[in-house]
Amino acid sequence: MSGRDFKSFLTNCRPSGFDTSSCSGTDLVRRFIGGQKRSSKYRNADYEQMKDLSSQYKQSGLQSLKHVTELSKANKKLKELSLLRQHSDVWIKESYIINTSKKATQTELEAIRATLLHGGDDNMKKFFHDVLTLETQLVLDQETFHTNTVKPVLQLVDDMKCWIRQLPLLKSKKGFYHTHDCVSKQLAFVKQQQNDLLHKMEEEYQIVNIKVEDIAKDYSTDISDCRDDVGIEEGIPLLLKKLTCPYQELKLSVLNEFVITDQRYLSQLDELKENYSEYINNPHGSWTSDEWLQMVSIIEQYPVGMHNRRALYIDRLLREFHHRSRAEIVCKHCIYHLCQFWLLG
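Quantities reported herein were computed from a predicted structural model and do not represent experimental measurements. (Residues numbered from 1 in each chain as written. Predicted model: local features only at pLDDT ≥ 70, side-chain atom pairs only at ≥ 80, totals over all residues. Heavy atoms only, no water.)

**Concerning helix H12 (residues 309–320)**
Right, so step 1: Over its 12 residues, H12 runs 17 Å from end to end, which matches the ideal 16 Å to within 8%, given 1.5 Å per residue.
Right, so step 2: Every buried residue of H12 is accounted for by Arg309, Leu312, Tyr313, Ile314, Asp315, Arg316 and Leu317. (Helix = DSSP H or I, 4+ residues; strand = E, 2+ residues; numbered from the N terminus. Expected span 1.5 Å × (residues − 1). Buried < 20%, exposed > 50% of the residue type's maximum accessible area, 1.4 Å probe, protein only.)

**Focus on the side chain of Arg309**
Right, so step 1: Looking at the secondary structure, you find Arg309 in helix H12.
Right, so step 2: Despite its burial, Arg309 remains without a salt bridge, the nearest opposite charge being carried by Glu300 at 7.8 Å.
Right, so step 3: Setting aside residues no more than four positions away along its own chain, Arg309 makes contact with Ile299, Tyr302, Pro303 and Val304. (Lys, Arg positive; Asp, Glu negative; His and termini not counted. Salt bridge = Lys/Arg side-chain N within 4 Å of Asp/Glu carboxyl O. Contact = heavy atoms within 4.5 Å.)

**With respect to the nonpolar core**
Where a protein is soluble and globular, its nonpolar side chains tend to be buried together.
Right, so step 1: Membership of the largest hydrophobic core comes to 18 residues, with the highest contact counts inside it found for Met295 and Leu317.
Right, so step 2: Listed by contribution, the elements that provide at least two residues to this core are helix H3 (47–119), helix H11 (289–301), H12 and helix H13 (326–344).
Right, so step 3: Looking at this core, the element that brings in the most residues is H11, giving 5 residues.
Right, so step 4: Sequence-distant contacts of Met295, that is, excluding residues within four places in its chain, are made with Trp287, Leu317, Phe321, Lys332, His333 and Tyr336.
Right, so step 5: Of all hydrophobic cores here, the second largest spans 5 residues; its members include Leu156, Met160, Val183 and Val190. (Core = buried A, V, L, I, M, F, W, Y, C linked by side-chain atoms within 4.5 Å.)

**Focus: helix H9 (residues 248–275)**
In an α-helix, one full turn covers 3.6 residues, which means residues spaced three or four apart are oriented alike.
Right, so step 1: Its 28 residues give H9 an end-to-end C-alpha distance of 41 Å, which sits within 8% of 40 Å, the value for a rise of 1.5 Å per residue.
Right, so step 2: Looking only at H9, the buried set comprises Lys251, Leu255, Asp262, Leu266, Leu269 and Leu272.

**Let's talk about the pattern of salt bridges**
Right, so step 1: In this structure the tally under the stated criterion is 7 salt bridges.
Right, so step 2: In this structure, Arg85 engages Asp89 in a salt bridge whose closest nitrogen and oxygen atoms are separated by 3.6 Å. Of this pair, Arg85 and Asp89 both sit in helix H3, 4 residues apart, which is roughly one turn of that helix.
Right, so step 3: For Arg85, a relative accessible area of 49% translates into the label partly exposed.
Right, so step 4: A relative accessible area of 33% places Asp89 in the partly exposed class.
Right, so step 5: Salt-bridge contacts for Glu320 lead to Arg316; the nearest nitrogen and oxygen are separated by 3.3 Å. Here Arg316 and Glu320 lie together in helix H12, a separation of 4 residues that amounts to about one turn.
Right, so step 6: Residue Glu320 is classed as partly exposed on the basis of its relative accessible area of 33%.

**Regarding the packing of aromatic side chains**
Right, so step 1: The final tally for this structure, using the stated rule, is 2 aromatic pairs.
Right, so step 2: Ring geometry for Trp287 and Phe321: centres 5.1 Å apart, planes at 40 degrees, overall tilted. Residue Trp287 is found in the loop between helix H10 (277–281) and H11, and its partner Phe321 is found in the loop between H12 and H13; the two are separated by 34 residues along the sequence.
Right, so step 3: Here Trp287 falls in the buried class, since its relative accessible area comes to 4%.
Right, so step 4: What makes Phe321 buried here is its relative accessible area of 2%. (Phe/Tyr/Trp six-rings, centres within 6.5 Å; stacked < 30°, edge-to-face > 60°.)

**Quick word on the confidence of the model for the protein**
Right, so step 1: For the protein, per-residue confidence averages 78 on the pLDDT scale, and residues scoring 70 or more make up 77% of the total.
Right, so step 2: Per-element averaging of pLDDT across the protein places helix H7 (residues 226–229) at the bottom with 46 and H12 at the top with 91.
Right, so step 3: Predicted confidence for residues 221–230 stays below pLDDT 50, and this span has 12 contacts to residues more than four positions away or in other chains. (pLDDT = per-residue confidence, 0-100.)

**A word on the packing of H3 against H12**
Right, so step 1: Where H3 contacts H12, the axes come no closer than 11 Å and their chain directions differ by 95 degrees. Accordingly, the angle class assigned to the pair H3 and H12 is roughly perpendicular. Side by side, H3 and H12 meet where Glu80, Leu83, Leu84, Gln86, His87 and Trp91 of the first sit next to Leu312, Asp315, Arg316 and Arg319 of the second.
Right, so step 2: Of the residues in the contact of H3 with H12, the class split is 4 nonpolar, 2 polar and 4 charged. (Axes fitted to C-alpha atoms, helices over the stretch in contact; angles between N-to-C directions. Parallel < 35°, antiparallel > 145°, perpendicular 65-115°, else oblique. Nonpolar A, V, L, I, M, F, W, Y, C, P; charged D, E, K, R; others polar.)

Structure follows, in structure tokens:
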């Protein structure tokens, strides 16, 4: 009903015998909204029934929301299991490749060692004999270290499991709390001992790592000089200069294209070197060399033609470097590709 039809509604919908002089417009509105007594058209609203209906609809909505939440959780869990399965498949393939390469390398090394020990000169025999002696000594040191450090901890773990299984029976005996304090002190002592050992091993690892880096510096080359290292030949090739051509202008034009191409290529290299000099000189940034090497090895585990490759190794990197943010990992991933372009491009 529009506003202009309201007057005709009031005029035409009045019952016969209705006294208009005794009824104001306010009474008409009140009767229209509240309903007239003994009328079959308008009834009073049953608010209790409306509350019950509202509660039913609310409960139905909550159940639907709970169902949607459960479906969402199940979907996330299924996606997580799918990612873990794909990571597991990649690692199984990588483990097979590593083990195969290890066996082949060991076989080749044993063959070379046997050949040089029995058929080489005296200096080579002495060198490999010293290497074999050092290897045997390192194996003995490793076994001694394992006996003195790892085995006592494993034995303590077994003793603790046995003590925990007997705990319900020990609680009823006297001196239980004294025994509990002794066990707690022993565990704290072993924990402190292991922490000191790990700290010492970390210091030795850092010392060895520094020595290895010093040795590697003698054989490493600066990435900024990679143009000279790969032996890029600039200018017109000598072989083309010696070729004869009946049209001298055409020959000069073709040879000049080599100079133009060199200039474009070198200018592009200089531009890349200027724009990304910070990453080229220090690609690791705030990351350690071990973290960088770990990231590169993880990326290279996923083959180039693999479906959804980038999402998979980014997810793997987030799991491995849980203390790093996604933005840091993506940034290092971009730097890695820039370095690949700089070295291979």
